[in-house]
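Commentary on secondary and tertiary structure
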Amino acid sequence: MDMVLDPQEESALKQIETELADWGNERSRLIPILQMIQERMDFLPPRAIEVVAQHLGISASEVFGVATFYNQFRFTPPGKNPVKVCLGTACHVRGADIILENFERKLEIKEGETTTDREFSIDRVACVGCCALAPVALIGEIVHGKMAPSKVEGLIMRCQIEKEMAERASRKKETGE
Amino acid sequence: MMISLTIDDRQIQVAGGTSLLKACLDSGIYIPHICFMEESDRSPASCRLCWVEIEGHSWPVTACTVTIDHPIAVKTDTPAVRHLQRSALQLLLSVHRVECKKCPANRQCVLQNIARFLEVGLKPGRLQRRLKEPDVDGSHPYLDHYPNRCVLCGKCIRVCRNHDNRTALTFAGRGFHTVIRSFGRFDSDTVACDSCRACVEICPVGALVIREA
């Protein structure tokens, strides 16, 4: 359950802790506070839930229960390449569930989760707005239309190769070759 | 002030302000129920089992949410009441893993008793069976929770809240995915769980058990 936060997230959380006093400590402030944290950190790490519970004087379980009710809140950080699989009506009819499951199998995570190296995360979305291209998946901001189970591996591979190429380029720059 | 009620063909006297369900149970009139707790002042009426018909009402109501403040005539065994109760029980059983032999609540399980009373089979029948994954949730430091036994009556949460209005258990998620969970850390809220067994004792279906060390 313990999650390692990167230094940037650590400092963001510390900053949030110092500001919580300005948000008031009535129970009714719970959701606005969670929204603020989610907006700044892109997710609610376990430590943030404990911090909010302590601030409001309620149990961490209760904060967790409220947060899990809403789709708006996520408990794992989005990956560097967030995969969003559309399960809207048109995509559903064209077999979006198979696309989703193929991403889940290839990345070995479930929907709503993030790979341990934080490279990929998978989410389902309702409609992307280009039903003519169904089934649709997004990786980051890029829309991939007319998806097929066989295209999944290629897309993942592409992200990995792009990452390696970027790393090589930055190494080259450093060494001045 | 005592108020007289007609329940089926019996006349009973009850103190004003009691809930109809409690009045019936105290007079030995059985109405199926799961989520009702005598000590708690507001019943969530979430199990949808304690249906009765009250004269003058055009549809059945849940007995646990009726507070007696004037004389009424109640019927507990009408076709409409039994139909609603059987449907509610079948819905509960459709998300229940029926493995009574392996379950610690076997023979004292409220589901078994109500099924016998209503003459409903434990098999899902016309309903699809929907089970949750994983079968055991070990998020709590001392307890194991079996979501496929749980009927989500919420008694464990309410009894936990009774201690000092802070609860180590919560409903997490929503809809079919709702489960009883704990945030799962050793903190000031779960430290007492080592010696307190209130939630395990109140669970009507054996969904919460103490983890064997």
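Residues numbered from 1 in each chain as written. Chains lettered and ligands numbered in written order. Predicted model: local features only at pLDDT ≥ 70, side-chain atom pairs only at ≥ 80, totals over all residues. Heavy atoms only, no water.

When you go through chain A residue by residue, the secondary structure sums to seven helices and four strands. Tracing chain A from N to C terminus, the helices and strands come up as α-α-α-α-β-α-α-β-β-β-α. The C-alpha extent of chain A, read off along each of the three principal axes, is 50 × 50 × 25 Å. Out of the 177 residues belonging to chain A, those deemed buried represent 42%. (Helix = DSSP H or I, 4+ residues; strand = E, 2+ residues; numbered from the N terminus. Buried < 20%, exposed > 50% of the residue type's maximum accessible area, 1.4 Å probe, protein only.)

Listed by partner, the interface residues are 17 residues for chain A and 16 residues for chain B. Summed over both partners, the interface of chain A with chain B buries about 1,500 Å², with 50% contributed by carbon and sulfur atoms. Viewed at the interface, chain B and chain A are joined by one salt bridge. In this structure, Glu62 of chain A and Arg161 of chain B form a salt bridge, with 3.6 Å as the shortest nitrogen-oxygen distance. Where chain A packs against chain B, one counts seven residue pairs in polar contact (both at pLDDT 80 or more). Put simply, the parts of the chain that give the side of chain A that touches chain B at least two residues each are α3 (46-56) and α4 (60-69) of chain A. It is α4 of chain A that provides the largest number of residues to the side of chain A that touches chain B, a total of seven residues. (Contact = heavy atoms within 4.5 Å. Buried area = accessible area lost by both parts, 1.4 Å probe. Salt bridge = Lys/Arg side-chain N within 4 Å of Asp/Glu carboxyl O. Polar contact = N/O pair within 3.5 Å; in protein donor to acceptor, adjacent residues only side chain to side chain.)

Residue and element names in this part refer to chain B. You can read the domains of chain B as domain 1 (2-84) and domain 2 (143-210). Computed from C-alpha atoms alone, the centre-to-centre distance between domain 1 and domain 2 is 28 Å. Carbon and sulfur atoms supply 63% of the area that domain 1 and domain 2 bury against each other, a total of about 580 Å² over both sides. For domain 1, the biggest contributors to the area lost against domain 2 are Ile34, Cys35 and Met37; these three give 71% of the whole. (Domains from an automatic or database assignment.)

A few words now on the environment of Lys173 of chain A. Residues and elements named next belong to chain A. Topologically, Lys173 is positioned in helix α7 (residues 149-175). Take Lys173: its relative accessible area is 74%, and that puts it in the exposed class. Distance in space between the C-alpha atoms of Lys173 and Asp117 is 25 Å, their sequence separation being 56 residues.

Another point: unusual backbone geometry. For the peptide bond that leads from Ala134 of chain A to Pro135 of chain A, omega is -10 degrees, which places it in the cis range. If you trace the backbone, Pro135 of chain A turns up in the loop between β2 (120-125) and β3 (137-139). The phi dihedral of Asp8 of chain B is positive, around 50 degrees, even though this residue is not glycine. Its place among the elements puts Asp8 of chain B in the loop between β1 (2-7) and β2 (10-15). On the basis of relative accessibility, which here comes to 27%, the residue Asp8 of chain B falls in the partly exposed class. You will see that Arg107 of chain B, though not glycine, has its phi angle at about 80 degrees, which is positive. Among the structural elements, Arg107 of chain B can be located in the loop between α2 (79-94) and α3 (110-118). Arg107 of chain B sits in the exposed class, given a relative accessible area of 73%.

Another aspect to go through is the layout of surface pockets. By volume, the second largest pocket amounts to about 930 Å³. Along its surface, the second largest pocket is lined by 37 residues, and Ser46, Val151, Leu152, Cys153 and Phe171 of chain B are the ones closest to its centre. Looking at the lining of the second largest pocket, the elements that each hand over two or more residues are α4 of chain A together with α2, α4 (155-164) and β7 (170-172) of chain B. It is α2 of chain B that contributes the most residues to the lining of the second largest pocket, five residues altogether. Residue classes in the lining of the second largest pocket are distributed as 16 nonpolar, 11 polar and 10 charged. (1 Å grid on protein atoms, 1.4 Å probe; cavity = no way out; pocket = protein on both sides within 12 Å on 5 of 7 lines; lining within 4 Å. Points joined across faces, edges and corners; volume = space filled by probe spheres on them. Nonpolar A, V, L, I, M, F, W, Y, C, P; charged D, E, K, R; others polar.)

Residue and element names in this part refer to chain B. One can describe the packing of α2 onto α3 by two numbers: an axis separation of 11 Å at closest approach and a directional angle of 145 degrees. Here the hand of the crossing between α2 and α3 comes out left-handed. Here α2 contributes Arg82, Gln85, Arg86, Leu89, Leu92 and Leu93 to the contact with α3, which in turn contributes Leu111, Ile114, Ala115, Phe117 and Leu118. (Axes fitted to C-alpha atoms, helices over the stretch in contact; angles between N-to-C directions. Left-handed = near helix turned anticlockwise from the far one by under 90°.)

Residue and element names in this part refer to chain A. What the four strands build is an open sheet, ordered β2-β1-β3-β4; its pairing is mixed. Two strands close off the open sheet at either side, each with one partner strand: β2 and β4 (142-144). If you compare each strand with its neighbour and ignore which way they point, the axes differ by 20 degrees on average. Across three bridges, the pairing between β3 and β4 is antiparallel. Bridge assignment links Leu138 to a residue of β4, and that residue is Val143. Seen against the sheet, α7 touches β1 (81-86), β2, β3 and β4 and runs at an angle of roughly 140 degrees to β2. (Pairing = 2+ DSSP bridges.)

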